Structures are given as structure tokens and as C-alpha cells.
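# Observations on chain architecture
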Amino acid sequence: MKTKNSENYTKWQKSFEQETKIDLNEASSETDEGIKIKPVYTKADIENLSFVDNDSLPGQLPYTRGPRASMYTNRPWTIRQYAGFSTAEESNEFYKKNLKSGQKGLSVAFDLPTHRGYDSDDDLVMGDVGKAGVAIDTVEDMKILFNDIPLNQMSVSMTMNGAVLPVLSSFVVAGEEQNVNKNLLSGTIQNDILKEFMVRNTYIYPPDPSMKIVADIIEFTSKEMPKFNSISISGYHMQEAGADNVLELAYTLADGIEYVRAALSKGLDIDDFAPRLSFFFAIGTDFFMEIAKLRAARTLWYKIMKDFGAKNEKSMILRTHCQTSGVSLTEKDPYNNIIRTSYEALSAILGGTQSLHTNSFDEAIALPTDESARIARNTQLILQNETGVTNTVDPLAGSYFVESLTDELSKKAWEIIEEIESLGGMTKAVKAGVPKLKIEESATKKQAKVDSGTRVVVGVNKFKNPKEPKVDVRVIDNNRVRDDQIKKINDIKASRDQKAVDKSLAKLVIAAKEDSNLLACSIDAIKNRATVGEVSKALEQVYGRHFATSLSVSGVYGKHFEGDEDFMNVAKKVNSFEKENGRRPRVLIVKMGQDGHDRGAKIVATSFADMGFDVDMGPLFQSPKDVAKDAIENDVHAIGVSTLAAGHKTLVPELMKSLKQIDPKSKIVVFVGGVIPEQDYDFLYENNISAIFGPGSNIIESAETVIDLISDKIHKDN
Amino acid sequence: MQFVEKIVKGERAAIAKAITLVESSRENDKKESRKLISELLNKPGKSIRIGFSGPPGVGKSTFIESFGRYLVEKNYKLGILAIDPSSQITGGSILGDKTRMIEISKNPNTFIRSTPSRGSLGGISIGTREASIILDAAGYDFIFIETVGVGQSEIMATNLVDIFSLIVGPGSGDELQGIKKGITEYADIFIVNKNDGDLKSEASKTASDYKSAISYYKKSSEAADKEVLLVSAIEQTGMEKVIETIQNIVLQNKKNKNFDERRAKQFTYWIEEEVREIIQFSIQNKIKEDGSISKFSQKVMDGEIQMFDAIEAITQNLQNK
Ligand code: B12
Ligand SMILES: Nc1nc2c(ncn2[C@@H]2O[C@H](COP(=O)(O)OP(=O)(O)O)[C@@H](O)[C@H]2O)c(=O)[nH]1
Ligand SMILES: [Mg+2]
């Protein structure tokens, strides 16, 4: 029987094929997730959905349409900008200014030494103090950070995972010393260690003790800090590291399952802690996909929690923070980033986020300036106040396309979640390194699409701006910050009751050995003015420090370029280099200091290998001295330093010095890639750096430059 | 200073350049390499060379890190040649062994060199023997050679090392059935790694599988006993036993001359290999110049001459040249 619908559809198909001259079956496009996007969706696409319930309303299970009935019609999302740099004093000023200009919640970005549990005076962190976030060494710094910010009124989110014990303790003690009891503190601690092992790389201890710490914090907060979110289960960093949306969604929820299990193992009742689990997702440029992802996440979490036997409705509702994607933002033609961020923000809103961070247009250059941060914040103020998007809850509900996409994403993610469960859960999977490898594979594919031009990035591989604008850059003098911090540490160490410190640290060690709750002990130590580094080191005595062993993808980049002329050209150059020199060009790719951004380094390494280079991959967190030894022993032709966390001006000259120390006649070519503000180029060239490859560099072109530079050097020396 | 002196003095850059030279595929470098090696052979050191072989992922690199840390703490100097299996179709490779040797690679008493295997033997690469001579002359107490490929144990053991150890994982005992003979013959030590956590009981079981397998082996009267050891590279357990075993084997084999005999055999083998290579090379050139192969095969095709007569004639011809 022919219905009106199907008659219409046939008619439409005919017109479509006439207009496009393409067979409808071939007119679908494919997303990174491998989802086919059709040119048109109809009612038929939302019949028989597996996860989505078309009759449900906002605030009703399975919560696809939003965690609350009224959503933004009652209260808009929280504008929560992530920020922190140099000293607590400067960050505090910055926060106060932002709160005056309409920001609602605070979100603290710590520097890398703090993340990794080192005090500012540690030799290992020479180049990193205050550079990529605020340095916190003791509770005194934490108190300064919240100077004139009443902690009983302000909700504070803290991105802290590795050194979560001393940092959360400092927050609690800072509150106490503001006369705010811990049961009044509101906010969120990220406390999501699994994704650190996968992508964010600020772990300290091995996976098992790290999971114990997570569980301790959930246990403690569920009893003592009822207004505080004990964890922010984060997919954000996965997408930023290269995961597609299905991977991000699946791994995040699988992490969530693992944390629930860890908390249950403490003997807690699920409804005691589940309402305080929160989530964090990235919002990239794939507009509808991102909306569907948030809707799917809520739908799936409901199912997961119901299966766990949760009774309280609040346990089953996924609440999330979102951040627009930093990796979608470009160094080239940076004002385009304002536009990208706006669309992403709209996506997050239509997906129903509870709070949002919008990135600044100078994202790929350095930490935001006051001015760029203002524009980023205004993106949200305009959405809230001028566009009318807050007037209707979940306005895309019923869209054939969005509903069907929501369901499809849910299905795909569910398959991966089940796969991980069958492997024994996320901790096991993470230890085996599989999720990390899958994300790196996805990242490598994305890079290949951009480098080949299959994916357009405006201003980078198409529509380039012939006259790049000059933009202001926030400059942080890390030597000054470090000196300030060291002075403060020394003062505190001189004035504190050392015996009390030693005793509380010894108690902490015992607690770790005896497996009792560590947060309470750590609060004591911090109250006694033990430093963040001291607390971390005490636990390190028991748990050891974790060193990641990482696997590498291979052949993924090259496969995309089969038969490509430029690619083959480099491969040929490599071959004739081998004939001429008796071996292939050999390049050591390194990460120095505490910078854990390894996406670029790993992609460049695998791509170079695909073009025929021999690539030595250094581990994370090397010192310049270690790199020099490694480079010279392996007699590499070149070192490629990948640096994104602004340590380059300290670490690169240090490397050059170390090379000369071991081999005064060293002929190793050194080049640098990553986030380098243009005004630092001359400084690096003066330090004998041969080439700089900034964000958006085409890897095939970079490889050609590298092999040419190496060949030149060899010829000049002969 | 002369190159050789620098190497003997232990200058890192000179050692590294020397290894590059012996690994080079360039004809000119090969000549230089021979010259260098013959000079270094006059300045022998006192290294003990130990091979660590085993399938990918059993923890060879991690074990070397862990055992190496133990040795450098005792002030031994340690040279490591890691032959990385990760060569690709395109010929490039990602050398990641050092990401598992983080602590020891920082130590001034180590020298760590990774070499892509280039797929040749799946194990030993060109120049590995020469590289170990360089490290020996440079004064390293131990030279570790990490290779993949259990199938290469014979080549490794007879060519390169004083002690050959096989690293295996828990559960690998089942595979023993088929390969019993080869393995038990060439390996001196069997190291069962990953004896930790959930894997402990499986590891013990594997160790007893190996023990019973080597009990079939009839050793020559005085040779040192083969040993099966349980370790955890990650937890750094069982390391004393490993060094003890190594020292025992060295001691006993030196006493009964097995040690020197093995080295002598390796020399003979090396010479034979070099001679063979040189002859093969010159024969290949002769064949190319001579052209009689294609001439004769035409005659065979045309029915003018029997194939085996042709072969005889060609060989005669080449030998007389
Ligand atoms: C992705 C990302 C992350 C991911 C990292 C995931 C991972 N595993 O790598 C996550 C979300 C975890 C993250 C976390 C943080 N990040 Co971040 N991050 C980024 C972001 C958005 C993109 C970087 C990226 O991966 N790009 C894609 C890759 C492919 O590009 P790439 O690395 O630049 O490499 C290309 C070229 O540079 C070049 N190249 C690079 N290396 C090499 C090497 C060689 C040999 C060659 C030839 C070429 C080459 O070729 C590559 C291909 O084009 C940048 C901003 C930006 N847009 O650049 C911020 C950025 C680097 N992050 C920043 C900060 C501060 C952080 C944090 C410290 C925040 C905090 N306080 O908690 C944390 C901590 C991370 C850590 N452990 O170090 C700052 C650094 C500030 C600065 N430099 O002044 C930046 C610049 C953002 C900003 N403006 O604030 N981050
Ligand atoms: N449980 C356990 N895992 C180990 C041990 N040694 C190595 N591994 C793991 O095994 C994997 C492979 O190790 P690697 O040293 O690279 O193996 P190789 O390929 O033999 O050199 C890594 O994930 C290691 O962390 C060990 O003693 N115990
Ligand atoms: Mg290895």
C-alpha cells in the first residue's frame, strides 16, 4: 500500500537526484565516527529507536531532553571560564575582575608542577612554574587564590587529578581558615584519573593506587561535603586528544562505570554518592553530532545507573559541564576562532549543558589575555541575553535528524562500552593501553584528512589570509614566578612546626600502607603547612611514581596518502638519503619538562615513520640532559622538540647546552614544533634552532623541510 | 685524539659514531668499519655479553630497565643494544624501547642504542656483533642485547653472546611442546617474567613447565646448569637471583673452559661468515661479467645441450677465472 509519505519521498528523491545528478544511495557523507549522514531525514527515521523515547519530556527518564523540567527557562547555564596562571596573587586578581564582568562560577587551572605533585623549587620543573596555570605550593597560596572570594557562596571547580589529595586538602583548609566549614563548600574536583593515563598525562602513581585515591575522595566527600561534586568524569580531554565522538562518549561512560564500582567497593550505597558524580564533555565543530552526544550521554547514563540499582532519581541524571574545543582553533587567522567558538557554544546549549567554558581566540598561541578572555566570556553573555535560546527547553526534540543521530550515537557507544566491560572494565583496558591507542589512531586519521585537504580548515589549508593579523600575547615570566614561589616556600618552611609536619606526613604514609582513607590524613598534613610536593612524595614512597609505556600506531597516516604525489616525493627523498648515507634519516622526537601534550608528537612520529624515517620516540617528562644523552648515543641526525606548555624558552637553550656538553662538535639538527608565539621565533633561531613548526603545520611539508635541513647539514660538513 | 682512543676512553659521541659506521650499508663505510674493528679487537675489554630474547610484549625492555637499575646501583657499567622490531612496509620505524628504559637511560654509566631490525632476521641486525665489540673496548662491564624472535636463538647464541637468556611470559609453557628441543639447547637461562599480581600462579606453573622441559636436556658433562628464574620486571623482584645465576654460569664456564671455547667458536663462525660473504660477493660479480649463464641457457632452450652439462660447463668456466 502506498502511503502519502512514501509517495512524497519518492517524489523528493527524484528531484534530489535531478538537482544533484547523484544517486541518493551515494549521496550520504560519512563522519569521523563512521556514521552515515543522509541528505534528508523523515519520520521513518525516528520510528523504532533503541534508546530514545520520543514521548519523554525534559526532566523525565531517560533524561534525553535534559536533566530538569525547566532548564534555561528558569535559570541559564553557568558561565564557568577555566583560568589560572603564574602566582596565586595574579590569578586572584583575574578571577575577581571576571566575576565583576558577569562570570558566575570559578574554575581553577593549576600549573603543571602542581598537577604532577612537584613543588616550585624542584629541579625537575625548572621551565614549568606558573606557565600553564597557577602555582600552588602550600595552603597559603590557596588562601591567596580565594582572597575576597567567599567560599560559602562561590562554586569552585578545580581541574586536579594527580595531586588531588594535597590540592583538595588545601581547598578545604583554605575554606576552614575563611571560617567556612567543609560541608558548605560547593564546586567540583575533577578527580578523574583514568583519562589521565589515557590522554591528559598528569598522573603521579600507578593505576591501582590512583583508583584507591579516587574512591577515598568519593567516600570522604559523600560523608563530609554534601554540596561538593566528588568527580568530574571527563571525555573532554579525549576529544581534544583526537577521539571521535563515539570514542569520547563510550570511554567516558565506561570510566563512570569504573568509578561507581570503586565507590561501591568502599561499602557506600549507590544513592549516597551517585548524585554528586558530574561529567565534562568537549564540544567540537560537528554541530549536530555534538548536540546528539549530550542527549545520548544522558540517555545512556540513565540506563547504566538503573542497571546498577540506583533508586534516587538524582543518581540517574547526568549533569555536565562543557568546553568548546581548543583543538579546533587555529593559530592562523585567529579571529576565525571567535566564530568557531560561537557555533560550538550554541551546540553545547542546544545539547543542554549545565555550565560552559568558551575558549579565547588566541587559544593556539598562548594563555588568554584579558581582552581575548573578555570576548570569550561575551560569547556566552550574548547567547544568554540576545538570542532567545534560553526560552525553550530542548528545542531540537522531535527533529528527525537529531533524534535519529542521538539514537545512532547511543548504539555505537553502547557497543564499545559492552566491549570494555567484557575485557574487565576500564582500569584493565587503560593498563593495556588500548583506549589510548584507539584515540591516537583517530587523531592520526584526522590529521591526514587536514593535511590532504579532504577536510577544510578555513585559514589553514584553504582560504588563507594573505595578511595575518598581529595579536597581543600574554607573557609569563616563569623565572620571576618561580623565585616568588621559592621564597614563599622557604618562609613557610622556616616558620612552621616541623615536628608536626613530619608527624602528619608519617601518619599519611601509614594510612597509605594500611589502606585507610587518605584525604583526612592529607588535610591534617596540609593544615600543618606541609607542601603539595611533600604530601605527594610521602605517598610516592608507598606507591612509586608511574611511568607510562606507550604503544604507537603505524601505517594509518601513510594509508591515507596512497599514491599521493607529495607524500611519495618525501618517501623518495628518504630512500635516496639512505643510499647516499648508509642509513635512513633518524629523528628523535621529544617532550621535555612536565608538558604532557603528546598528541602532536605522537602523530608526527607515526607520520614520519610512514614516510620512511627512523623515529626515536622519547618518553614524557624528559629533562634536556636526558634528551641530549639519548640523542647522542643513538647518533640521530635531528631532534624534534614538541613543546606546547610554554616551557620552550627555558628548556630549548638548556638542551642545546647539554648537547654541546656531551659532544662539543655535535652536528645534530634541532627543530621545534608546537605552540610557539611568533615573538619567540627569533629567540629560538638565535639558539641555533633550524626550523619551527607551529600549530596547523602540514606534516608532509614539515618532513620535507626536515630531510632537506639534515641533508644540507651533512653536505656542509663534508 | 684518534677515533679508537676516544672509543677506548669511553667518549659517548665516538662510541655512537662508531656504531653508526658498523651499521652502515654504504660500501665505503664497510671498509672503514673493518679497519676500526680490527683495531678495537686489539684492545679487548672485559665485558660479559648477554642476550635477552623473547616474543614481543613479554617485557624484555622493562626487564632490562629493572635489572639494569639493579646493576648500575652496584656501579656496573652497562651497554645496551636494543634491536627494535617495529619496522614498517615503508622501511621506517618507531623506536620505542627507550620509553621502557627511562631510569637507566638517565644514568651516566649506561649506553643505550636502539637499532631498527629492518626485518632481516627479525632479530639480530647488521652490525650487532661489531657494536658489541665497540662497547667492549669502551669498557662496559655488561653488554645486553635485546632481540625479538625466539626462532633466532641459535644464531644469537652461537654468534654473539656469552650467555643467552630467553624471557617468557606466564602461560607460555603450553607452547613448549613443539619447540622444546631448540630452545632447551641454546638458552642458558629461562626468565619467566610478570610474576606479579594476578599472574603469579600462572607464572609459577610456567616456570615448572620449563623446568621439566630442560630436564630432558642432556648437557655436556661440565657445562653450567640451565636455570629457570621467576621475576617481575615491574616490581623489580627476583633480580638478585638473576645476577647470581649469571655470575655462576660465567664462573663455572670460565673454569671449565666452556666460556673461551664458546668465544673461539664464535670467532671461527665469524671468519667463516665473512669469507663466505666475500666469496659470494666476488662470485656474483664474476657471474655478472661472465655472461655465460644466459648464453648457456639459450643453448639449453634451443636443445643444443643438456641442462646439467650446461651447469657443469658454466661452473668450470667460473672457477677457472
Ligand atoms: C589538545 C590540547 C590539550 C589536550 C592534550 C591531549 C594530548 N594528549 O595531547 C588536553 C585537553 C589534555 C590539554 C590539557 C592541558 N592543556 Co592544552 N591544549 C590543547 C590544544 C587545544 C591543542 C594541542 C594539540 O594537540 N593540537 C593538535 C596537534 C596535532 O597539534 P600540535 O601539537 O600543535 O602539533 C602540530 C604542530 O605544532 C607541529 N608540531 C608539533 N610538534 C612537533 C614536533 C615535530 C618534530 C614536528 C616536525 C612538528 C611538530 O606539527 C603538528 C601537526 O600540525 C592547545 C591549543 C592549540 N590549539 O594548540 C592547548 C594548549 C597547548 N594547552 C594549554 C594548557 C595550559 C593545558 C593545561 C596545562 C591546562 C591546565 N592548566 O590544566 C592542561 C595540561 C596538559 C598537560 N599534561 O600538559 C595551553 C598552553 C599555554 C601556553 N603554551 O602558553 C594551550 C596553548 C591552550 C591555551 N591557549 O591556553 N590540552
Ligand atoms: N604485570 C607485568 N607487566 C609487565 C612486566 N614487565 C613488562 N610488563 C608489561 O608488558 C608490556 C610489554 O613490555 P616491553 O618491555 O615493552 O616488552 P618487550 O616487547 O618484550 O620489550 C608493557 O605493557 C609492560 O608494562 C612485569 O614484570 N609484570
Ligand atoms: Mg622491547
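This text goes with the structure placed above it.
For every chain, the first residue of the written sequence is number 1, and numbering continues from 1 along that sequence. Whichever chain is written first becomes A and whichever ligand is written first becomes 1, with later ones labelled in order. Where totals are concerned, whole chains, interfaces and linings use all residues; where local detail is concerned, this predicted model gives features only for residues with pLDDT of at least 70, and gives and counts side-chain atom pairs only at 80 or more. The basis for the side-chain values is all heavy atoms of the structure; hydrogens and waters are excluded.

Right, let's talk about the overall build of chain B for a bit. Runs of H or I in DSSP of at least four residues are treated as helices and runs of E of at least two as strands, each being numbered from the N terminus. Looking only at helices and strands, one finds 13 helices and eight strands in chain B. Out of the 321 residues belonging to chain B, those deemed buried represent 48%. The contact rule is simple, with two residues in contact once any of their heavy atoms fall within 4.5 Å. A separation of at least 24 residues holds for 77% of the contacts in chain B among residues at least 6 apart in sequence. In short, Shrake-Rupley with a 1.4 Å probe defines the accessible areas, and a residue's cover is counted only from the protein chains shown. Put simply, chain B shows about 15,900 Å² of open surface, and 53% of that area lies on carbon and sulfur atoms. Buried residues are those whose accessible area, probed at 1.4 Å on protein chains only, stays under 20% of the maximum for their type, while exposed residues exceed 50% and partly exposed ones sit between those limits.

It is worth spelling out the pattern of salt bridges at this point. If charged atoms from side chains of opposite charge come close, those side chains can pair. Residues and elements named next belong to chain A. Any carboxyl oxygen of Asp or Glu that lies within 4 Å of a side-chain nitrogen of Lys or Arg is treated as forming a salt bridge with it. This model, assessed by the stated rule, comprises 72 salt bridges over all chains. Measuring nitrogen to oxygen at the nearest pair gives 3.0 Å for the salt bridge that ties D394 to R295. Taken together, the positions of D394 in the loop between α13 (370–386) and α14 (400–422) and R295 in helix α11 (residues 287–308) put the pair 99 residues apart, joining distant regions of the chain. Its relative accessible area of 9% is what places D394 among the buried residues. E578 is paired through a salt bridge with R584; the nearest N and O atoms lie 3.3 Å apart.

Time to look at the site of ligand 1. Residues and elements named next belong to chain A. We define proximity as follows: a residue is near a molecule or strand when any one of its heavy atoms falls within 4 Å of that partner. The environment of ligand 1 is made up of 44 residues, and the closest members are Y82, E363, A366, H597 and D598. Take A366: an N or O atom from its main chain is 2.6 Å from a nitrogen atom of ligand 1. Polar contact is defined as a pair of N or O atoms within 3.5 Å, subject to the rule that within protein one atom must be able to donate a hydrogen and the other to accept it, and that residues adjacent in sequence are counted only when both atoms are side-chain atoms. In the environment of ligand 1, an oxygen atom lies 2.9 Å from a nitrogen or oxygen atom belonging to the backbone of R599. Those elements that provide at least two residues to the shell around ligand 1 are α3 (112–115), α6 (194–200), α8 (236–241), α23 (599–610), β14 (638–643) and β15 (669–674).

Any nitrogen, oxygen or sulfur atom within 2.8 Å of a metal ion counts as a donor, with the limit raised to 3.2 Å for Na, K and Ca, and since water is left out, coordination shells can look unfinished. Exactly one protein atom donates to the cobalt atom of ligand 1; that atom is A:H597 (NE2), 2.2 Å from the metal. In this fold, A:H597 is placed in the loop between β12 (586–590) and α23.

All names here are of chain B. Looking at the metal site, the magnesium ion (ligand 3) is ligated by S61 (OG), D97 (OD) and E146 (OE), spaced 2.2 to 2.4 Å from it. All donor residues of the magnesium ion (ligand 3) come from one chain, and their arrangement in sequence is S-x35-D-x48-E. Here S61, found in helix α4 (residues 60–73), pairs with D97, found in the loop between β3 (93–95) and α5 (102–106); they are 36 residues apart in sequence, far enough to count as distant. The burial state of S61 is the same as that of D97; both residues are buried.

Here the focus is the sheet that holds strand β1 (residues 48–53) of chain B. Residues and elements named next belong to chain B. When DSSP locates at least two bridges between a pair of strands, those strands are taken to pair. One open sheet holds the seven strands; their spatial order is β4-β2-β5-β1-β6-β7-β8, and the pairing between them is parallel. The two strands at the open ends of the sheet, each matched to only one other strand, are β4 (110–116) and β8 (227–230). Across the sheet, the mean angle from the axis of one strand to that of its neighbour is 20°, orientation sign disregarded. Looking at chain direction, strand β7 (residues 189–192) and β8 are connected through four bridges and run parallel. Considered in β8, the bridge of I191 is made with L229. Each of β1, β2 (78–84), β4, β5 (142–147), β6 (163–168) and β7 touches α4; the most contacted strand, β5, lies at about 170° to it. Helix axes are fitted to C-alpha atoms over the stretch in contact, other axes to C-alpha atoms as well, and angles between N-to-C directions run from 0 to 180 degrees.

The full set close to ligand 2 counts 17 residues, and B:K60, B:T62, B:R100, B:D196 and B:A233 are the nearest of them. Proximal residues around ligand 2 fall on chains A and B, making this an inter-chain site. In this structure, B:S61 approaches ligand 2 through a side-chain N or O atom, which is 3.0 Å from an oxygen atom. For ligand 2, whose unbound accessible area comes to 580 Å², protein coverage reaches 80%. Grouping the amino acids of the shell around ligand 2 by side-chain chemistry returns five nonpolar, seven polar and five charged. For this classification, Asp, Glu, Lys and Arg are treated as charged, while Ala, Val, Leu, Ile, Met, Phe, Trp, Tyr, Cys and Pro are nonpolar and the rest, including Gly, are polar.

With that settled, the discussion passes to the packing of α23(A) against helix α27 (residues 699–717) of chain A. All names here are of chain A. Where α23 meets α27, the axes come as close as 10 Å, and the angle between the chain directions of the two elements is 70°. Between α23 and α27, the angle is such that the two are roughly perpendicular. As α23 packs across α27, the resulting crossing turns out to be right-handed. Contacts from I603, V604, S607 and F608 of α23 reach α27 at I699, S702, A703 and V706. Working definition: roughly parallel below 35 degrees, roughly antiparallel above 145 degrees, roughly perpendicular at 65 to 115 degrees, and oblique for all remaining angles. Throughout, a crossing is termed right-handed when the near helix is turned clockwise from the far one, and left-handed when it is turned anticlockwise from it by less than a right angle.

This part covers the side chain of A:R377. All names here are of chain A. Along the polypeptide, R377 turns up in helix α13. His is not counted, nor are the chain ends; Lys and Arg add positive charge and Asp and Glu add negative charge. One buried charged side chain, R377, makes no salt bridge at all; its nearest oppositely charged neighbour is E371, positioned 8.1 Å away. Setting aside chain neighbours within four positions, we find R377 in contact with I79, Q81, N98, S101, Q103 and T358.

All names here are of chain B. Distance thresholds for patches are 9 Å for like charges and 5 Å for nonpolar side chains (Val, Leu, Ile, Met, Phe, Trp, Tyr), applied to residues having over 30% relative accessible area and no salt bridge. A cluster of nonpolar side chains, L41, F267, I271, V275, I279, I283, I287 and I293, forms an exposed patch at the surface whose accessible area comes to about 640 Å². The element contributing the most residues to the nonpolar patch is helix α11 (residues 258–290), with six residues. Note that I293 resides in helix α12 (residues 292–301). With a relative accessible area of 41%, I293 lands in the partly exposed category.

On a regular strand, each side chain points to the face opposite its neighbour's, so the side chains alternate between the two faces of the sheet. All names here are of chain B. Side chains I189 and I191 project from β7 onto one buried face, and the interleaved F190 and V192 project onto a second face that is buried too. By the bridge criterion, four bridges tie β6 to β7 in an arrangement that is parallel. The residue bridging I167 from the neighbouring strand is I191, located in β7.

Before going further, it helps to examine the sheet that holds β14(A). Paired through backbone hydrogen bonds, the strands of a sheet run either parallel or antiparallel to each other. Read from one edge to the other, the open sheet built from six strands follows the order β16(A)-β15(A)-β14(A)-β12(A)-β13(A)-β3(B), with strand pairing classed as parallel. Two strands in the sheet have a free side with no partner beyond their single neighbour: β16 (691–693) of chain A together with β3 of chain B. Pairwise comparison of adjacent strand axes, ignoring direction, gives a mean angle of 25° for this sheet. Taken together, the three bridges between β15(A) and β16(A) define a ladder with parallel strand orientation. Bridge pairing in β16(A) places A:G673 opposite A:F693. Most of the contacts of α23(A) go to strand β13 (residues 614–617) of chain A, to which it runs at about 155°, and overall it touches β12, β13 and β14 of chain A together with β3 of chain B. The strands touched by helix α25 (residues 648–662) of chain A are β14 and β15 of chain A; relative to β14(A), the strand with the most contacts, the crossing angle is about 160°.

Take the pairing of strand β8 (residues 231–234) of chain A next. Residues and elements named next belong to chain A. Across the two faces of β8 the burial is the same, with I231 and I233 and S232 and S234 all buried. As paired elements, β8 and strand β9 (residues 277–283) share four bridges and run parallel to each other. The residue of β9 that forms the bridge with S234 is F280.

This next bit is on the interface of chain B and chain A. When the parts of a complex come together, some accessible area is lost, and that lost area is often taken as the interface size. With 35 residues of chain B at the interface, the matching set in chain A holds 38 residues. Between chain B and chain A lies a buried interface of about 2,900 Å² when both sides are counted; carbon and sulfur atoms form 48% of it. Per-residue buried area on chain B facing chain A is highest for B:I94, B:K98 and B:T99; these three make up 20% of the total on that side. Applying the counting criterion to the chain B and chain A interface returns four salt bridges. Viewed at the interface, chain A and chain B are joined by 19 residue pairs in polar contact (both at pLDDT 80 or more). Going through the elements one at a time, α2 (12–23), β3, α5 and β4 of chain B are the ones with two or more residues in the side of chain B that touches chain A. Here the buried area means the combined drop in accessible surface, using a 1.4 Å probe, for two parts upon being joined, counting both sides.

Residue and element names in this part refer to chain A. Counting residues in hydrophobic clusters, the biggest one holds 80 residues, and the most contacted among them are Y251, L253, W301, M305, M426 and I439. Residue contributions to this core peak at 12 residues, all from helix α9 (residues 245–264). Listed in part, the 64 residues of the second largest apolar core include V129, V156, V501 and A530. The criterion is simple. A nonpolar core is a set of buried Ala, Val, Leu, Ile, Met, Phe, Trp, Tyr and Cys residues joined through side-chain atoms within 4.5 Å.

Residues and elements named next belong to chain B. If you check α4, its first and last C-alpha atoms are 20 Å apart, about what 14 residues at 1.5 Å a residue would give, namely 20 Å. The element α4 is extensively covered by neighbouring structure, given that 11 of its 14 residues are classed as buried. What α4 keeps buried is the set K60, S61, F63, I64, E65, S66, F67, G68, Y70, L71 and V72. Downstream of α4 by a residue or two, N75 has a phi angle that is positive, lying close to 70°. The span one expects for a helix is its residue count, reduced by one, times 1.5 Å.

Our focus in this paragraph is unusual backbone geometry. Residues and elements named next belong to chain A. A cis amide bond links L61 with the next residue in sequence, P62, at an omega value of 5°. With phi around 70°, D515 is a residue other than glycine that occupies positive phi space. Structurally, D515 can be placed in the loop between α18 (498–514) and α19 (518–527). Residue N688 is not a glycine yet carries a positive backbone phi of 65°. If you trace the backbone, N688 turns up in the loop between α26 (681–686) and β16.

It is worth spelling out the environment of B:F144 at this point. All names here are of chain B. In this structure, F144 sits in strand β5. Linking F144 and S93, residues 51 residues apart in sequence, is a C-alpha distance of 21 Å. Excluding residues that lie within four positions of it along the chain, F144 makes contacts with I50, F52, I64, F67, L71, L78, G79, I80 and L81.

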